[in-house]
Amino acid sequence: GMQPYLQALLSLYKLYCPEQVTITLPGKMKTYFRNPEGPWKAAIAAVRQRNQGTSPLSQAVFLGTSQPQSRKRKWNAQLVIPASSTNTRHLEEDGEKNHVYLYSTNESFPVEQLQTFPQLLQNIHRLEFPSRMGSVLTNPLLLHYMNCVKDDSIYLRLYYWMGQMLQEECAWCVVDSPYEEEFKSFLETVYKAECFLQEGFSACEEFLYKTLPLWDGFCCHSEVLRLVSWIPLSSSSDIKTYLYDPLAQLFFTSPIYFKCSVLETLKELLQNWLIRSVVQQDSEFSA
């Protein structure tokens, strides 16, 4: 049978080579292949820094992160469409050859050449998705494609990539993170993509459930509450434990502005649940 650790291993293969794994894997799975020493090392580092009189964040213990790695990179580099990883051909300069390439049913269509909605409609069954899944978030045409074609491999690749980004770059879970503004911009990008798709990302839901108990209610205030409004409906016990209880602790100890923001967020969350429920009922009735 499909053991959980085998599913996790197959999901890694499907992340990098989706064409090699033809079976359907569940969208939500327990995280495997963790470094078991990570949280202990982070806890020891936090204690050492506290004893030395510095100002660490105890939240680093939760996700197993310590000092941010010294890396030089641009945040938005992950959100730009790269050249397709498998298709190395370019469009011909000649108009007639270009027309034949665009509408040939035997060739895949690289997404870096996708510019207009008519192109999307004409090539929707032979699009070649980018190797860098983060670029999907800022491209309305690719988001349209995700809405039309329910491909598990696309959502699975996006799930792993987004989960990794959120966990590693969380501004209040990394000690002295210098990337708070960049992380805030990233959360805003994720929120806009959720509004476009009219549904929340499962990686974002897991991230919020893990980090809301550690959130101070101040860092990335608006962005976090906007993401909360797109958490999908689940069991009442999970919602109370992972959503209501952490927000309640902040609610009763925060100023009036935060209280109003939380109430507005919960109202939007309820509206999104109702809209989603109506859409699902309509689709089931039409089917």
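- Per an unreviewed UniProt entry, the protein goes by CENPI protein and derives from Regulus satrapa.
- Looking at the protein in UniProt, the text filed under Sequence similarities (unreviewed entry) is "Belongs to the CENP-I/CTF3 family."

## Observations regarding the nonpolar core
Then comes step 1: By size, the foremost hydrophobic cluster in this structure holds 61 residues, and its most contacted members are Met162, Trp172 and Trp215.
Then comes step 2: At the level of secondary structure, the elements contributing two or more residues to this core comprise α6 (140-148), α7 (152-169), α8 (180-197), α9 (202-211), α10 (221-228), α11 (236-251) and α12 (256-286).
Then comes step 3: At eight residues, the largest contribution of residues to this core is made by α7.

## Digging into the pattern of salt bridges
Then comes step 1: Applying the stated criterion to the full structure yields five salt bridges.
Then comes step 2: As a salt-bridge pair, Glu199 and Arg276 come within 3.3 Å of each other at their nearest N and O atoms. Here the residue Glu199 occupies a position in the loop between α8 and α9, and Arg276 occupies one in helix α12, the gap between them amounting to 77 residues.
Then comes step 3: Note that Glu264 and Lys267 form a salt bridge whose closest N and O atoms lie 3.4 Å from each other. One end of the pair, Glu264, and the other, Lys267, are both in helix α12, three residues apart, so they sit about a helical turn from each other.
Then comes step 4: Taking the relative accessible area as the measure of exposure, Glu264 reaches 36% and is therefore partly exposed.

## Focus on the packing of aromatic side chains
Then comes step 1: Using the criterion set out here, one finds nine aromatic pairs in the structure.
Then comes step 2: On the basis of an interplanar angle of 75 degrees and a centroid distance of 6.0 Å, the ring pair of Trp172 and Phe183 is categorised as edge-to-face. Of this pair, Trp172 sits in the loop between α7 and α8 while Phe183 sits in helix α8, and the two are eleven residues apart along the sequence.
Then comes step 3: With a relative accessible area of 4%, Trp172 lands in the buried category.

## Digging into unusual backbone geometry
Then comes step 1: Phi is positive for Gln198, which is not a glycine, with a value near 60 degrees.
Then comes step 2: Within the element layout of this structure, Gln198 appears in the loop between α8 and α9.
Then comes step 3: Located in the positive-phi region is Cys220, a residue other than glycine, with phi close to 50 degrees.
Then comes step 4: Residue placement: Cys220 occurs in the loop between α9 and α10.

## Observations concerning the environment of Val136
Then comes step 1: Looking at where Val136 falls in the secondary structure, it is placed in the loop between β2 (127-128) and α6.
Then comes step 2: On the basis of relative accessible area, Val136 is assigned to the buried category, the value being 0%.
Then comes step 3: Measuring from C-alpha to C-alpha, the distance between Val136 and Ile154 comes to 9.9 Å, with 18 residues separating the pair along the chain.
Then comes step 4: Contact partners of Val136, with chain neighbours within four places excluded, come to Phe129, Pro130, Leu142, Leu143 and Met146.

## Notes on the side chain of Ser153
Then comes step 1: In this structure, Ser153 sits in helix α7.
Then comes step 2: For Ser153, a relative accessible area of 11% corresponds to the buried category.
Then comes step 3: Beyond its immediate sequence surroundings of up to four residues, Ser153 is in contact with Lys14 and Pro18.

The rules we used
Residues numbered from 1 in each chain as written. Predicted model: local features only at pLDDT ≥ 70, side-chain atom pairs only at ≥ 80, totals over all residues. Heavy atoms only, no water. UniProt positions renumbered as here; feature names shortened; annotations may be inferred. Core = buried A, V, L, I, M, F, W, Y, C linked by side-chain atoms within 4.5 Å. Buried < 20%, exposed > 50% of the residue type's maximum accessible area, 1.4 Å probe, protein only. Helix = DSSP H or I, 4+ residues; strand = E, 2+ residues; numbered from the N terminus. Salt bridge = Lys/Arg side-chain N within 4 Å of Asp/Glu carboxyl O. Phe/Tyr/Trp six-rings, centres within 6.5 Å; stacked < 30°, edge-to-face > 60°. Contact = heavy atoms within 4.5 Å.

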